[in-house]
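In case you want the letters, here they are:
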Amino acid sequence: MLILTCPYCGVEADETELHAGGEAHITRETVGSSDEDFEDYLFQRQNPKGIHFERWRHVYGCGKWFHAARCTNTLEVFGTYSAQTTEPPKDIRDKISGKRPGWSWGIFS
Amino acid sequence: MSNAVSALQGKAYDGLVRVEEAGLRGMITVRGNLSNTKLKSAATSLSAVDFPSTGECNCVEESGLAWMSPDELLLMTPYDKAPAAAQRMSKALEKQHHLVAEVSDARAVFFIRGPQAREVMSKLVPVDLSPGRFQPGQFRRTRMAQVPVAFWMRDETTFELICFRSVAGYVFDLLCNAAKPGSEVGVF
């Protein structure tokens, strides 16, 4: 069972209390984008075995969206953080680096 | 004015614990900036309790305040006081971005009373309810089997639970089933 701490209400919520929102930190391509970029935005998703950044919603609780950094292989959770950001915060990235040196995910490492 | 009745009209069940529908309760959803002093003072004067901090509920008899989310507050009053309280709340917040909605008729309230209340509740919600982890004063919105609920403890042996009125029958049946004599787990 995956247990995530909601950064807004501080509750340790298990998976059944949350709703998965897919990959995090996707840049929305819109008017003026090339067809390739728009296709990537619409269809191309990462499916890593290992470190992953996702969006989740605390749907049975406070109702807020947030971000989670976790390992899809071991279900280890590195941390959760606010939805109001376009990249993983430094403390989360440092924490992952401490545990999995040399990691990378999309444009982040 | 029509004769308002609660969802289960005070239905009760005595098993491991007493499950009891609490009857009508005035409830007002307030959304806005919870650190705003006008919001705070209006909410505390209408409910006559202290303003709750994150994840808490202060409730005395039928009046209280519950922290629902970083921008949502639940104001509880006696049922017949709710329309006037909602009006006063809107008036106090009229100069800022907010939402005030009276939701009394959309909700049902239950009491779960008895020394085994923690055990009965634990069977139904994905929350650690062991003494020391969940205490009177804490407020938790979560899932009970298939429906959303919110609850808090009045005291060490009493839970108070809110759900949507449309699922009151379902929640009552769940609680009664979990409170069936002979189904003790004895975990706490």
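Nothing here was measured: the structure is a model prediction, and the numbers come from that model.

(A) Main features of the overall build of chain B. Along its length, chain B carries 4 helices and 11 strands. In summary, chain B has a C-alpha radius of gyration of 17 Å against a globular reference of 16 Å for 188 residues, a match within 12%. Its C-alpha atoms give chain B principal-axis dimensions of about 55 × 40 × 25 Å. Classification of the 188 residues of chain B by burial places 49% in the buried group. If you sum the accessible surface of chain B, you get close to 8600 Å²; carbon and sulfur atoms cover 50% of it. Of the side chains in chain B, 21 bear a positive and 20 a negative charge, and the two mean positions are spaced by 5 Å.

(B) Up close: the interface of chain B and chain A. Of the residues lining the interface, 16 residues belong to chain B; the matching set on chain A comes to 11 residues. When chain B packs against chain A, the two sides together hide about 1000 Å² of surface, and 50% of this comes from carbon and sulfur. Residue Arg133(B) is joined to Glu12(A) by a salt bridge in which the shortest nitrogen-to-oxygen separation is 3.9 Å. The interface formed by chain B and chain A contains 7 residue pairs in polar contact (both at pLDDT 80 or more). Looking at the side of chain B that touches chain A, the elements with two or more residues in it are β5 (63-69), β9 (139-144) and β10 (147-155) of chain B. Of the residues contributing to the side of chain B that touches chain A, the split by class is 6 nonpolar, 4 polar and 6 charged.

(C) Summary view of the sheet that holds strand β3 (residues 19-23) of chain A. Residues and elements named next belong to chain A. Strand order in the open sheet formed by 4 strands is β3-β4-β5-β6, with antiparallel pairing between adjacent strands. Single-partner strands in this sheet number two, and they are β3 and β6 (77-82). Each neighbouring strand pair of the sheet contributes to a mean axis angle of 30°, computed without reference to strand direction. In the sheet, strand β5 (residues 65-71) pairs with β6 via 5 bridges, with the strands oriented antiparallel. Residue pairing in the sheet places Phe 66 in a bridge with Ser 82 of β6. Helix α2 (residues 90-99) rests against β4 (51-57), β5 and β6 of the sheet, and its axis sits at about 170° to β6.

(D) Highlighting a negative patch on the surface. Residues and elements named next belong to chain A. A surface patch of like charges, here negative, comprises Asp 35, Glu 36, Asp 37, Glu 39 and Asp 40. Mapped onto the secondary structure, Asp 35 falls in helix α1 (residues 35-43). When its relative accessible area of 65% is taken as the criterion, Asp 35 is described as exposed.

(E) Geometry of the sheet that holds β10(B). Residues and elements named next belong to chain B. Read across the open sheet, the 6 strands follow the order β1-β2-β8-β11-β10-β9; overall the sheet is antiparallel. Unpaired on one side and paired on the other, β1 (12-14) and β9 mark the two borders of the sheet. Strand-to-strand twist in this sheet, taken as the mean axis angle between neighbours without regard to direction, amounts to 20°. Bridge count for β9 against β10 is 6 bridges, and the pairing is antiparallel. Residue pairing for β10: Phe 139 is matched across the bridge by Trp 152. Helix α4 (residues 168-178) contacts β1, β2 (18-21), β8 (107-113), β9, β10 and β11 (158-164) of the sheet and is inclined by roughly 10° relative to β8.

(F) Structural detail: the nonpolar core. Counting residues in each nonpolar core, the largest one holds 32 residues, and the members touching the most others are Phe110(B), Met144(B), Phe151(B), Leu161(B) and Val171(B). Mapped by element, the contributors of at least two residues to this core are β8, α3 (117-122), β10, β11 and α4 of chain B. Take this core: its biggest share by element is 7 residues, from α4(B). When residues no more than four places from it in sequence are discounted, the contact partners of Phe151(B) are Met121(B), Val125(B), Val127(B), Leu129(B), Phe134(B), Gln138(B), Phe139(B), Arg140(B), Thr142(B), Phe159(B), Glu160(B) and Leu161(B). Of all hydrophobic cores here, the second largest spans 28 residues; its members include Leu4(A), Cys6(A), Trp56(A) and Leu34(B).

So, how was this worked out
Residues numbered from 1 in each chain as written. Chains lettered and ligands numbered in written order. Predicted model: local features only at pLDDT ≥ 70, side-chain atom pairs only at ≥ 80, totals over all residues. Heavy atoms only, no water. Helix = DSSP H or I, 4+ residues; strand = E, 2+ residues; numbered from the N terminus. Rg over C-alpha atoms; globule rule 2.2 N^0.38 Å. Buried < 20%, exposed > 50% of the residue type's maximum accessible area, 1.4 Å probe, protein only. Areas by Shrake-Rupley, 256 points an atom, 1.4 Å probe, with all protein chains shown as cover. Lys, Arg positive; Asp, Glu negative; His and termini not counted. Charge placed at Lys NZ, Arg CZ, Asp CG, Glu CD. Contact = heavy atoms within 4.5 Å. Buried area = accessible area lost by both parts, 1.4 Å probe. Salt bridge = Lys/Arg side-chain N within 4 Å of Asp/Glu carboxyl O. Polar contact = N/O pair within 3.5 Å; in protein donor to acceptor, adjacent residues only side chain to side chain. Nonpolar A, V, L, I, M, F, W, Y, C, P; charged D, E, K, R; others polar. Pairing = 2+ DSSP bridges. Axes fitted to C-alpha atoms, helices over the stretch in contact; angles between N-to-C directions. Patch = residues over 30% accessible without salt bridge, like charges linked within 9 Å, V, L, I, M, F, W, Y side chains within 5 Å. Core = buried A, V, L, I, M, F, W, Y, C linked by side-chain atoms within 4.5 Å.

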